[in-house]
Amino acid sequence: MRDTTLQVRGANGYDPVTGAISFPIYQSATFRHQALHQSTGYDYSRVKNPTREELENSVAALERGSRCWAFSSGMAGIGALLKLFRTGDHILLSEDLYGGTVRICNAIYSKFGISFEYVDTSDIEVVKASITSNTKAIFVETPSNPMMLVSDIAAISELAHVHQALLIVDNTFLSPHFQKPLTLGADIVIHSGTKYLCGHNDVVAGLVIVKEIPRVIEELDLIYKSEGSILGPFDSWLMLRSIKTLALRVEKQEKNALQIASWLKTLPTVTDVYYVGLKDHPSYELTLKQTTGFGGMISFKVKSAKIAAEALGKLKLVYFAESLGGVETLLTYPIEQTHAEAPKELLARVGVDDRLLRLSVGIEDVEDLKEDIEQALAE
Ligand SMILES: Cc1ncc(COP(=O)(O)O)c(C=O)c1O
């Protein structure tokens, strides 16, 4: 099955019991057994639930993975992944990264003796030079949040595998519709499902997808059922419903984003535009090589912090809100929101400052979006 068909139909598609083409919400914590050692395959919903299982199997298929686990948030998924590592392990991460990922690493998992190093993963030579004998994983966000840096998934996976390290890719920004890291050599994909996979700003969810690596699958199964940061049946159903329109949404978001990115460059108060779909983006060629689309995320800088701050209050149509990937266009101020707790030194290194705004382009009429953005950014 091709991608768009798979998105609409899902793994099973319909309920095998009743034929319902909207996969049912199995709102049950537990499942009755006929007798000792007789089970339908479902015992208790922390471990397995049919609605969540349909979502997990559908996303595993979309990412070309072997297994998927649906978590109560993207951060719960990242937390589960970090539990794969032990005292003394070293993890390399993209230096331009969602602030919550930096926080969970530095404030929580470093307490257990795991060391985290943030490097420019868009430069393969830097990655090569940063690997040590203790490096057990490389975690990349590509395109990265918020500076839209692109890392070469195939090249980094080769390097990682020479050193028996896992390559983990946060694929939140592009979704499996535009990028499939496992097919490029990555071992694990993580999503904030809250974003493009959900697409309607109404569910917080996380998805972790793994290649056929038995030791990782076994350990994640154990972590998942033991920790219990599971996605509930109703949220799983909302995600299934959302994924049916993934292609329509992300292709329209990309169409709007392409127009807005080049138009932003013409505004007198805009100084820099970061969008992987612009031909002058430093990784435009790499993006063409490893993705089938550019997505709907644009960051840009304005002439002064005052213009940035005032624009947030002047918006009439676009929402000033944290998050991304939904049908509604959102403008975010990374330095005060998504990256507020990231180390200042790290933000300065990648260029996140008080002039930077991040736009998650929705599916509204592009002319309405331009009109609103133009008046908000005017001096
Ligand atoms: C790239 C990226 N990864 C992970 C997360 C965390 O996901 P969640 O908010 O669903 O916990 C976010 C949240 O904004 C994100 O932008």
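The preceding data block contains the structure.
In this report, we go over the structure that sits alongside the text.

### Overview of the overall build of the protein chain
Of the regular secondary structure elements, the protein chain holds 14 helices and 12 strands. Taking 2.2 N^0.38 as the reference for a compact globule, 379 residues should give roughly 21 Å; the C-alpha atoms of the protein chain span a radius of gyration of 21 Å, in line with that estimate. Considering only C-alpha atoms, the protein chain reaches an extent of 75 × 50 × 35 Å along its principal axes. Taking as baseline every contact in the protein chain between residues at least 6 positions apart, the subset at least 24 positions apart corresponds to 72%. Surface exposure of the protein chain reaches about 16000 Å², of which carbon and sulfur atoms provide 54%. Of note, the protein chain has its 37 positive side-chain charges centred 3 Å away from the centre of its 47 negative side-chain charges.

### Structural notes on the environment of Pro 181
Its location among the elements puts Pro 181 in the loop between α7 (175–178) and β6 (188–192). Those residues in contact with Pro 181, other than ones at most four positions away along the chain, are Glu 63, Ile 153, Val 169, Asn 171, Ala 186 and Val 189.

### Section: the site of the ligand
Residues in contact with the ligand amount to 13 residues; listed here are only the nearest, Met 75, Asp 170, Ser 192, Thr 194 and Lys 195. Separating a nitrogen atom of the ligand from a side-chain N or O atom of Asp 170 is a distance of 2.7 Å. The separation between an oxygen atom of the ligand and a polar side-chain atom of Ser 192 is 2.8 Å. Considering the ligand on its own, with 390 Å² of exposed area, one finds that the protein chains cover 91% of that surface. Taken together, the residues of the shell around the ligand break down into 4 nonpolar, 6 polar and 3 charged.

### Here's the deal with helix α2 (residues 50–62)
Over its 13 residues, α2 runs 18 Å from end to end, which matches the ideal 18 Å to within 8%, given 1.5 Å per residue. Where burial is concerned, most of α2 is hidden: 11 out of the 13 residues are buried. Buried within α2 we find Pro 50, Thr 51, Arg 52, Glu 53, Glu 54, Leu 55, Glu 56, Ser 58, Val 59, Ala 60 and Leu 62. Buried positions along α2 lie against α1 (3–9), β1 (67–71), α7, β7 (206–210), α8 (214–227) and α9 (233–243).

### Observations regarding the sheet that holds β1
Spatially, the 7 strands line up as an open sheet ordered β1-β7-β6-β5-β4-β2-β3, and their pairing is mixed. The open sheet terminates on both sides in strands that have one partner only, identified here as β1 and β3 (115–119). In this sheet, neighbouring strand axes are inclined to one another by 20 degrees on average, regardless of whether the strands run parallel or antiparallel. Judged from the 3 bridges that link them, strand β5 (residues 166–170) and β6 form a sheet pairing that is parallel. Looking across to β6, one finds that Ile 168 is bridged to Ile 188. With respect to the sheet, α2 is in contact with β1 and β7, its orientation differing from that of β1 by roughly 130 degrees. The strands touched by helix α4 (residues 99–108) are β2 (90–94), β3 and β4 (135–141); relative to β3, the strand with the most contacts, the crossing angle is about 145 degrees.

### Remarks on the nonpolar core
Membership of the largest hydrophobic core comes to 86 residues, with the highest contact counts inside it found for Leu 264, Ile 298, Phe 300 and Leu 377. Among the elements that take part in this core, helix α10 (residues 246–264) stands out by supplying 7 residues, more than any other. Each of domain 1 (3–243) and domain 2 (247–377) gives at least three residues to this core. Dropping the residues within four chain positions of it, Leu 264 is found in contact with Val 270, Val 273, Ile 298, Phe 300, Ile 373 and Leu 377. The next biggest cluster of nonpolar side chains, apart from the first, holds 34 residues, and it includes Phe 71, Leu 166, Ile 188 and Val 210.

The rules we used
- Residues numbered from 1 in each chain as written.
- Predicted model: local features only at pLDDT ≥ 70, side-chain atom pairs only at ≥ 80, totals over all residues.
- Heavy atoms only, no water.
- Helix = DSSP H or I, 4+ residues; strand = E, 2+ residues; numbered from the N terminus.
- Rg over C-alpha atoms; globule rule 2.2 N^0.38 Å.
- Contact = heavy atoms within 4.5 Å.
- Areas by Shrake-Rupley, 256 points an atom, 1.4 Å probe, with all protein chains shown as cover.
- Lys, Arg positive; Asp, Glu negative; His and termini not counted.
- Charge placed at Lys NZ, Arg CZ, Asp CG, Glu CD.
- Near = heavy atom within 4 Å.
- Polar contact = N/O pair within 3.5 Å; in protein donor to acceptor, adjacent residues only side chain to side chain.
- Nonpolar A, V, L, I, M, F, W, Y, C, P; charged D, E, K, R; others polar.
- Expected span 1.5 Å × (residues − 1).
- Buried < 20%, exposed > 50% of the residue type's maximum accessible area, 1.4 Å probe, protein only.
- Pairing = 2+ DSSP bridges.
- Axes fitted to C-alpha atoms, helices over the stretch in contact; angles between N-to-C directions.
- Core = buried A, V, L, I, M, F, W, Y, C linked by side-chain atoms within 4.5 Å.
- Domains from an automatic or database assignment.

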